[in-house]
Every structure is written in C-alpha cells, then in structure tokens.
Amino acid sequence: MIRLSLSRRAGASAPLAFAAQAAPALGRNSKRMKDFIRSSVFTAALALLAACSPQLRGTGDLGVIVERADGRVTVVESTGSTILSTVSGLGDLSHAALVYSRDERYVFVFGRDGGLTKVDLLTGTIAGRVVQSGNSIGGAISQDGSLVAVANYTPGGIKVFDTASLALVADIPAIAADGKPSKVIGIADLPGRKFIYSLYDAGEIWIADLADPAKPALTKFTGIGRLPYDALVTGDGRWYLAGLFGEDGIALLDLWNPDQGVRRILDHYGKGTEPLPVFKMPHLRGWAAADNEIWLPAIGHHQVLVVDKTSWKEAARVDVAGQPVFVMARPDGRQVWVNFAVPDYDVVQVIDVPSRKVVKTLYPGKAILHMEFTPRGERVWISARDSDKVVVYDTETLEQVAELPAVKPSGIFFSARAHKTGL
Amino acid sequence: MRLGMTLVLIGLGLCASAAAEPSAGRRDQLRDMVAQDCGSCHGMTRKGGLGSPLLPEDLSRLSAEGVVETILEGRPGTPMPPWKSMLSRDDATWIAAYLMGETE
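Residues numbered from 1 in each chain as written. Chains lettered and ligands numbered in written order. Predicted model: local features only at pLDDT ≥ 70, side-chain atom pairs only at ≥ 80, totals over all residues. Heavy atoms only, no water.

(A) Main features of the overall build of chain A. Counting secondary structure elements, chain A contains two helices and 32 strands. Of the contacts made within chain A by residues no fewer than 6 positions apart, 42% connect residues no fewer than 24 positions apart. As displayed, chain A offers around 17,600 Å² of accessible surface, 54% of which is attributable to carbon and sulfur atoms. (Helix = DSSP H or I, 4+ residues; strand = E, 2+ residues; numbered from the N terminus. Contact = heavy atoms within 4.5 Å. Areas by Shrake-Rupley, 256 points an atom, 1.4 Å probe, with all protein chains shown as cover.)

If you want it as structure tokens, here you go:
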C-alpha cells in the first residue's frame with residue numbers, strides 16, 4: 001500500500017505543474033490556449049490514470065501472518081521479507097486457519113467465532129465476511145476453487161459457500177449414527193469437488209460430494225475409533241489419516257479404494273511407555289511426507305514417529321526436546337522441522353532425514369506456535385508468540401536472516417498452499 | 001461445647017481453603033496462560049472449542065474445588081491434561097476464581 005500511494009503522488013504531480021506554468025504564456029490566443037489546456041488536461045488525466053492504476057505485482061511470494069489476539073492478519077512478501085499491509089476486523093482468531101483461492105489473490109480465514117472472512121491480499125482489504133456458525137475450527141477449498149467449506153464445532157457440521165460471492169451453497173449437519181450432533185474436525189479437499197472430514201464426538205469419517213451443490217451426496221464411515229482430533233490428506237489426494245485421541249493408533253482411509261473401508265494403523269504406538277499429559281493437541285496438517293515416509297508427532301511422547309508409507313508400519317522413532325506439535329518437512333523432504341507444546345515451546349529442532357538425527361536445536365523466541373517454508377524451502381518463517389515477532393531462517397545455514405514484528409503471531413501461511421491438495 | 005468445637009472446625013476449614021494468592025507477577029503469567037494455553041482448546045474468549053466453554057455461567061454449576069481438581073488432575077478420557085507439573089494448588093485455586101469471575 002505504501003508503495004502504491006508513493007508512486008501515485010510522484011506520477012501525478014509532474015504533469016499538473018507543467019500545465020500550470022505553461023498556460024499563462026499562451027494567454028493572447030484564447031483558442032490556442034483552450035486547445036492547449038484541453039490537451040494538457042488530457043495528458044494530465046492520462047498520467048493520473050496511469051499512476052492511479054495499481055503497480056502490478058504477482059502473488060506467488062505473498063503470505064499471511066495471523067495475529068490471533070487482535071483479530072488481524074498481516075500480509076507479507078517472502079522475497080524481501082517485508083510487511084505489505086495489515087487487515088483488521090476478522091473476529092476471534094484463537095484458532096485461525098485459512099485457505100487460498102486458486103489465483104492466490106484471496107485468503108479465506110476461518111475464525112473461532114464462526115466468521116468466514118475473504119481477504120484481498122493485493123489491496124489489503126476485506127472482500128467479504130459472513131458469520132456462519134457459533135464456533136468453527138477450519139475449512140477447505142475445492143479442487144476447482146469454486147467452493148469453500150467450513151468445519152464447525154457449534155453447531156457441528158459443515159457449511160459450504162461460493163468462493164466468489166460467499167453465498168451459502170450447502171448446509172450439512174453432522175448427526176452421527178447415534179443420532180447426536182458432533183463437532184467436525186480434520187476437513188480437507190479431495191479431487192472432484194469433494195470434502196472429507198471427521199466427527200470428533202462420534203468417531204466417524206464422512207465424505208461430502210458436491211458435484212451437484214444442491215444435492216450433496218454423503219459417504220459415511222462409522223466406528224473408526226474414539227475421538228479423532230485432527231486429520232490430513234496426503235498431497236496426492238490418496239490417503240486420509242485421522243489421529244485418534246481416545247485410543248492409540250490412526251484411522252487410515254485409502255481414497256483410491258474407499259470400498260475397502262477404514263483400517264487402523266500404528267496400534268499401540270505408545271506401548272511400553274507411560275504417555276505424558278498432552279498440553280497441546282498436535283496438528284496433523286503439518287505432518288511431513290519425506291521420501292517414502294511420513295513423519296508425525298507421537299502423542300504424549302517426546303518423539304517423532306517415522307512411518308513407512310508402503311506398509312504403514314513404524315520405521316523409526318526420533319527422540320526430540322518435547323511433545324511435538326508441528327512436524328514439517330522442508331519442501332524437498334531433506335529436513336524435518338519440529339516445534340513443541342508448552343513448556344518446551346521455546347525450542348525448534350531440525351532433523352536430518354537420511355540420518356534421522358537432530359542436527360540443530362534453535363531458540364528463535366518465546367512460545368513458538370508455527371512454521372512455514374517458502375515455496376521451494378530455502379527459508380522458513382517461525383512465529384514466536386510471546387516475543388511478538390516472526391523470525392526467518394535460512395534452511396541451509398540454519399542462521400537467522402530476517403525478523404518481522406507481529407503482535408502475538410500464530411499461524412503463517414504462504415500462497416503456494418493454493419496449489420496443494422489438502423492445504 | 002459443641003458450638004465451640006464447630007467454630008474450631010469452621011476455623012480449620014477456612015484455614016485449609018484460604019490459599020495463598022500468587023504474587024502480582026505470577027498472576028500476570030497465569031492470566032496469560034489462561035488466554036493463550038487454555039485458549040488453544042477452550043478459545044481465547046473462553047467460549048469453547050475442542051474443549052468445553054469456560055465462561056462463568058458455564059462453570060457456575062461446578063464447585064471451585066471441582067474446577068481446581070480438573071485443572072490439576074485433568075479429565076481422564078478427554079484431552080484435558082493434568083497441569084500440576086506447571087501449576088501449584090495456589091495457582092489453580094486463583095485460576096478457578098479468575099475463570100468463575102470472582103477475581104480479576
């Protein structure tokens with residue numbers, strides 16, 4: 001925005017000054033003067049028009065930092081690591097999640113207060129906002145970019161909106177097999193205008209097919225396990241994994257063969273060790289896929305689990321500094337970065353994937369909540385809530401290269417997410 | 001005699017329940033913890049999330065002791081963890097009063 005207004009002023013003032021100085025010299029011939037003024041005004045108007053039209057820029061290096069306590073997002077660019085604008089009035093962002101439009105221009109922010117806000121990154125303004133429920137947790141955008149679905153806690157279920165107008169397209173309650181409403185978690189997009197999500201209270205997985213938005217078709221998988229608390233879809237759109245809080249293990253659905261049903265993997269992965277109290281729910285959408293392995297947080301243990309994606313069996317465990325919250329692979333899969341639950345949340349650890357060893361322990365600030373890699377992974381942005389800053393690291397040297405002020409920052413989301421299934 | 005005994009018992013009871021209030025600095029930390037760490041599940045405005053709402057009207061049906069026990073020991077079978085490794089009983093007693101709207 002600053003850049004825009006500066007160029008507008010500089011561009012507009014020169015032709016106007018020229019017209020004002022030149023006109024009196026032509027005072028004897030009124031027709032010529034009129035012509036001159038007309039042409040001068042025309043030139044000035046053209047110059048103004050050119051100057052007023054926004055300076056063109058792409059959106060591929062844009063991102064958003066959530067300032068959760070203030071209901072605000074900061075729009076940033078990751079080429080020079082600078083702040084472009086701030087957008088307020090997004091409501092309660094206690095647990096803010098967002099998705100990108102397929103043109104990478106807009107973000108759809110899901111607020112805890114049920115607000116769905118569409119933010120225009122180029123103008124730094126709110127392009128639309130609806131308060132669609134009492135309490136929501138997250139959402140997803142369809143493969144074709146036409147629909148955005150919000151997962152709700154109160155009342156449970158999902159609501160689906162048109163991404164252009166934010167008009168309500170479908171309202172799908174989550175009444176489980178036992179007849180009770182359920183909180184919805186772990187929503188993600190699937191190929192073909194479908195959304196998949198889990199029913200927390202009921203232990204079910206549902207797929208909503210909105211090929212015809214007026215008649216959503218539901219596929220339900222019941223009895224998948226107790227208290228699924230979050231889930232993810234792998235980047236190829238094939239596997240849906242729901243972490244279970246009420247029991248050991250993970251519910252796995254092969255979306256290429258949904259008729260085979262949900263199966264359980266990693267049963268008893270906490271066996272033999274007394275699990276610790278879990279002070280923060282791990283976030284599964286950060287689960288890292290590196291090589292042919294999936295790296296994920298062990299619940300209630302100071303460990304990261306490595307799971308073979310072919311057999312879905314545990315391949316290794318890596319000891320880390322605390323209970324992992326986000327376990328995220330650098331886009332090339334060579335490194336995995338981990339942050340932790342309170343009280344170990346001032347630490348970030350870097351694991352070398354081939355050797356499965358922690359190669360660096362970093363202290364970027366107090367209360368590290370989230371990490372986001374730049375699209376090709378040369379840098380990672382880390383939010384330090386209680387230090388009121390976002391810290392940027394070079395992922396090769398593991399040195400800090402930039403720092404941005406932010407008020408109680410939580411999530412960081414770059415626009416490259418627009419083109420990834422499940423994000 | 002019985003009256004005297006009762007008074008003594010009441011006195012003892014008061015002593016036992018009168019927790020030492022955390023210092024001003026600690027209270028700041030606890031307010032922050034309620035907003036941020038409890039807020040992760042219960043919402044920063046305490047209207048609930050994956051965890052239940054924690055507004056005074058939601059907690060009014062519970063006893064202060066019950067709230068303190070839940071904070072310290074957690075709720076088995078739910079994601080509510082025991083916080084006793086990070087909070088003393090005095091901390092938890094103050095948080096319970098804070099949540100129930102009895103102190104600021």
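(B) Representation of the pairing of strand E18 (residues 250-254) of chain A within the structure. Residue and element names in this part refer to chain A. In terms of burial, E18 is a largely internal element, five of the five residues being buried. Taking every second residue as pointing to the same face, both faces of E18 are buried, with Ile 250, Leu 252 and Asp 254 on one and Ala 251 and Leu 253 on the other. Inspection of the sheet shows strand E17 (residues 239-244) paired to E18 by five bridges, in the antiparallel sense. Within the sheet, the bridge partner assigned to Trp 239 lies in E18 and is Asp 254. What sits between E17 and E18 in their antiparallel hairpin is a turn of five residues, with Gly 249 showing a positive phi close to 110 degrees. Sheet topology places E18 next to strand E19 (residues 262-265); four bridges connect them, and they run antiparallel. Among the inter-strand pairings, Ile 250 is bridged to a residue of E19, identified as Ile 265. (Buried < 20%, exposed > 50% of the residue type's maximum accessible area, 1.4 Å probe, protein only. Pairing = 2+ DSSP bridges.)

(C) The sheet that holds strand E29 (residues 379-384) of chain A, seen in detail. Residue and element names in this part refer to chain A. Reading across from one edge, E28-E29-E30-E31 is the order of the four strands in this open sheet, with antiparallel pairing throughout. Only two strands of the sheet have a single partner each, and these edge strands are strand E28 (368-373) and strand E31 (400-405). On average, each strand axis in the sheet is tilted by 20 degrees relative to the strand beside it, whichever way the strands run. The sheet contact formed by strand E30 (residues 389-394) and E31 spans five bridges and is antiparallel. Paired with Tyr 393 across the bridge in E31 is Gln 400. (Axes fitted to C-alpha atoms, helices over the stretch in contact; angles between N-to-C directions.)

(D) The interface of chain A and chain B, seen in detail. Taken residue by residue, the interface counts 23 residues in chain A and 22 residues in chain B. When chain A packs against chain B, the two sides together hide about 1,800 Å² of surface, and 57% of this comes from carbon and sulfur. A per-residue breakdown of the area chain A buries against chain B is headed by Arg 68, Arg 112 and Phe 279 of chain A, which together make up 25% of the total. On inspection of chain A and its partner chain B, the count reaches one salt bridge. One salt bridge connects Asp 37 of chain B with Arg 385 of chain A, and the closest N-O pair in it is separated by 4.0 Å. Remark: the boundary between chain A and chain B carries four residue pairs in polar contact (both at pLDDT 80 or more). Here the residues of the side of chain A that touches chain B sort into 13 nonpolar, two polar and eight charged. (Buried area = accessible area lost by both parts, 1.4 Å probe. Salt bridge = Lys/Arg side-chain N within 4 Å of Asp/Glu carboxyl O. Polar contact = N/O pair within 3.5 Å; in protein donor to acceptor, adjacent residues only side chain to side chain. Nonpolar A, V, L, I, M, F, W, Y, C, P; charged D, E, K, R; others polar.)

(E) Representation of the packing of helix H2 (residues 24-42) of chain B against helix H5 (residues 89-99) of chain B within the structure. Residues and elements named next belong to chain B. Where H2 contacts H5, the axes come no closer than 11 Å and their chain directions differ by 60 degrees. Between H2 and H5, the interaxial angle falls into the category oblique. With respect to the hand of their crossing, H2 and H5 are arranged in right-handed fashion. Facing Arg 26, Arg 27, Leu 30, Arg 31 and Val 34 of H2, the residues of H5 in contact are Asp 91, Trp 94, Ile 95, Tyr 98 and Leu 99. Grouping the constituent residues of the contact of H2 with H5 by class yields six nonpolar, no polar and four charged. (Parallel < 35°, antiparallel > 145°, perpendicular 65-115°, else oblique. Left-handed = near helix turned anticlockwise from the far one by under 90°.)

(F) Local environment of the pairing of E28 of chain A. All names here are of chain A. With six of its six residues buried, E28 lies for the most part within the structure. Bridge count between E28 and E29: five bridges; the pairing is antiparallel. By the bridge assignment for E29, Met 371 is matched with Ile 382. Here E28 hands over to E29 after five residues, with Gly 377 in that stretch at a positive phi of 85 degrees.

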